[in-house]
Amino acid sequence: MEEMNLLETVRKQICTCSVDLRLTPNVEELLKKPMHELHVSLPVRMDDGTIQTFQGFRVQYNNARGPAKGGIRFHPDETINTIRGLAAIMTWKCALHDLPLGGAKGGVICNPKVMSQGELERLSRAYMKAICRFIGPGRDIPAPDVYTNPQVMAWMMDEYASITGYTEFGVITGKPVTLGGSEGRDDATARGGWIAIREAGKHLGVYFAIRETASAMEMPVTNTTVAVQGFGNVGYHAARLAGELAGCRVVALSDSRGAIYNPEGLDPHSVMEHKKKTGSVTGYPGASAITNEELLELEVDILIPAALENVITAKNAHHIRAKILAEFANGPTTREAEDILSENGIHIIPDFLCNGGGVIVSYYEMVQNFTMDHWPATEVRRRLDERMTAAYTAVYTMVRTHGVPMRQAAYTIALERVVRAMEDRGWV
Ligand code: NAD
């Protein structure tokens with residue numbers, strides 16, 4: 001029976017690396033469990049006057065390398081083990097990208113799609129009120145994730161300011177630019193992912209030409225095809241930048257309601273207009289309807305999962321026909337599926353390498369907040385490119401020198417850094 005619990009997937013990865021790293025059993029044990037977690041009940045007054053109580057969590061997985069960092073999700077199917085697994089992935093992500101931060105994640109079990117703006121604001125404020133003593137710029141810094149956005153971050157920052165009596169921009173990232181947010185944070189995860197794909201292309205003998213950075217204007221369209229699952233913050237920008245940065249043709253897009261396909265190419269801007277009007281990418285004129293499962297199995301050069309975890313499993317891995325699997329989402333591939341993909345020669349860019357752009361620019365947002373500075377987008381993007389390229393190069397060098405898969409190489413580098421910090425602190 002395949003294991004679909006994200007925390008278990010993470011634990012299996014730690015076991016795989018612990019032999020190479022010669023981890024002692026007590027160190028391995030420490031890496032397999034979150035260090036702190038908070039469970040909260042949030043009473044919120046709904047628009048009809050009733051009180052609804054929501055369950056929320058905040059997990060600080062490991063803070064050996066610095067204050068914990070990670071997003072907040074609002075999702076009806078949230079579970080504590082998903083949040084723990086995501087908090088672990090954040091720990092490895094910050095270490096791999098050499099940020100002075102640990103890993104965390106938060107979540108509230110709710111369905112924001114059926115809540116009014118007023119209800120969402122009251123829920124966001126209730127969550128911050130419940131976790132405010134557990135977080136802080138030197139402790140744990142939240143950010144947006146699935147179904148949360150800069151507006152939610154602004155409400156939470158304002159609630160924190162009301163409670164403490166002073167405005168501390170560095171308590172949360174992914175804020176609007178008017179409230180200490182960074183230029184370039186909106187598309188940072190997707191842009192970082194495309195930088196990783198560019199580096200993969202160089203090493204794999206280039207399936208496509210990708211420009212370093214800059215405007216869409218002069219980019220020639222190539223025959224490279226891309227399918228993107230999920231059309232939110234990460235998925236929309238992933239699809240937009242496919243054309244703008246890489247000249248690739250986006251042939252399929254999807255959201256929670258279904259997927260659309262056009263082998264001639266889709267215009268992400270126009271699909272977004274349609275989604276704003278109708279609430280979904282489905283029904284977009286000039287494209288055929290397919291399922292989210294069919295999207296994953298299309299014969300494309302690059303497959304970008306940018307929605308939720310555990311979508312590529314032992315059940316469908318044999319049918320994946322992409323050349324590159326770029327994990328813009330966290331945890332989209334199960335451990336069992338990964339073995340099948342590797343046997344079939346699919347180049348996987350693992351999540352915490354591929355989607356590190358978001359936390360990298362969140363870290364730049366913190367640096368700007370602490371120094372009361374504001375950097376132009378060009379500066380943010382230059383630094384993002386440098387850091388993504390350095391991480392990709394480190395992972396790929398280990399793949400070449402040690403003959404291990406990409407994810408194992410990324411884990412080994414990240415775990416080694418976390419363990420070294422735990423040793424230096426005298427924990428182990
Ligand atoms: P989002 O809420 O902005 O968008 C999520 C998208 O996924 C929506 O389009 C939604 O309709 C779609 N979706 C939900 N359920 C689906 C399903 N069953 N099938 C297909 N599509 C579905 O979230 P986001 O911020 O874009 O995050 C997407 C992924 O990227 C998550 O795994 C998240 O953890 C990861 N990630 C996000 C960031 C960030 O900066 N936002 C950074 C790193 C990683």
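Refer to the structure above for everything that follows.
Heads up: these notes are all about the structure in this document. Here the structure is a predicted model, which means the values were calculated and not measured.

On to the sheet that holds strand E6 (residues 225–229). Ordered in space as E9-E8-E7-E6-E10-E11-E12, the seven strands form an open sheet in which the pairing is mixed. With partners counted over all chains shown, the strands left at the sheet margins are strand E9 (288–290) and strand E12 (347–349), one partner each. Adjacent strand axes in the sheet meet at a mean angle of 20 degrees, parallel and antiparallel pairs treated alike. As paired elements, strand E7 (residues 249–255) and strand E8 (residues 258–261) share four bridges and run antiparallel to each other. Counterpart to Ala 252 in the pairing with E8 is Tyr 261.

Close to the ligand lie 23 residues, the nearest being Arg 73, Tyr 147, Thr 189, Asn 233 and Val 234. At 2.7 Å, a backbone N or O of Tyr 147 approaches an oxygen atom of the ligand. One nitrogen or oxygen atom from the side chain of Arg 185 is found 3.2 Å from an oxygen atom belonging to the ligand. In isolation the ligand offers 830 Å² of accessible surface; the protein chains occlude 89% of this area. Among the residues making up the shell around the ligand, the classes are represented as nine nonpolar, nine polar and five charged.

So, about the packing of helix H1 (residues 6–20) against helix H3 (residues 80–96). Interaxial distance between H1 and H3 falls to 7 Å at its minimum, and their mutual angle equals 40 degrees. Comparing the axis directions of H1 and H3 gives the class oblique. Between H1, through Leu 6, Leu 7, Val 10 and Ile 14, and H3, the contact on the second element is made entirely by Asn 81, Thr 82, Arg 84, Gly 85, Leu 86, Ala 88, Ile 89 and Trp 92. Here the contact of H1 with H3 is built from residues that sort into eight nonpolar, three polar and one charged.

How each quantity is defined
- Residues numbered from 1 in each chain as written.
- Predicted model: local features only at pLDDT ≥ 70, side-chain atom pairs only at ≥ 80, totals over all residues.
- Heavy atoms only, no water.
- Pairing = 2+ DSSP bridges.
- Helix = DSSP H or I, 4+ residues; strand = E, 2+ residues; numbered from the N terminus.
- Axes fitted to C-alpha atoms, helices over the stretch in contact; angles between N-to-C directions.
- Near = heavy atom within 4 Å.
- Polar contact = N/O pair within 3.5 Å; in protein donor to acceptor, adjacent residues only side chain to side chain.
- Areas by Shrake-Rupley, 256 points an atom, 1.4 Å probe, with all protein chains shown as cover.
- Nonpolar A, V, L, I, M, F, W, Y, C, P; charged D, E, K, R; others polar.
- Parallel < 35°, antiparallel > 145°, perpendicular 65-115°, else oblique.
- Contact = heavy atoms within 4.5 Å.

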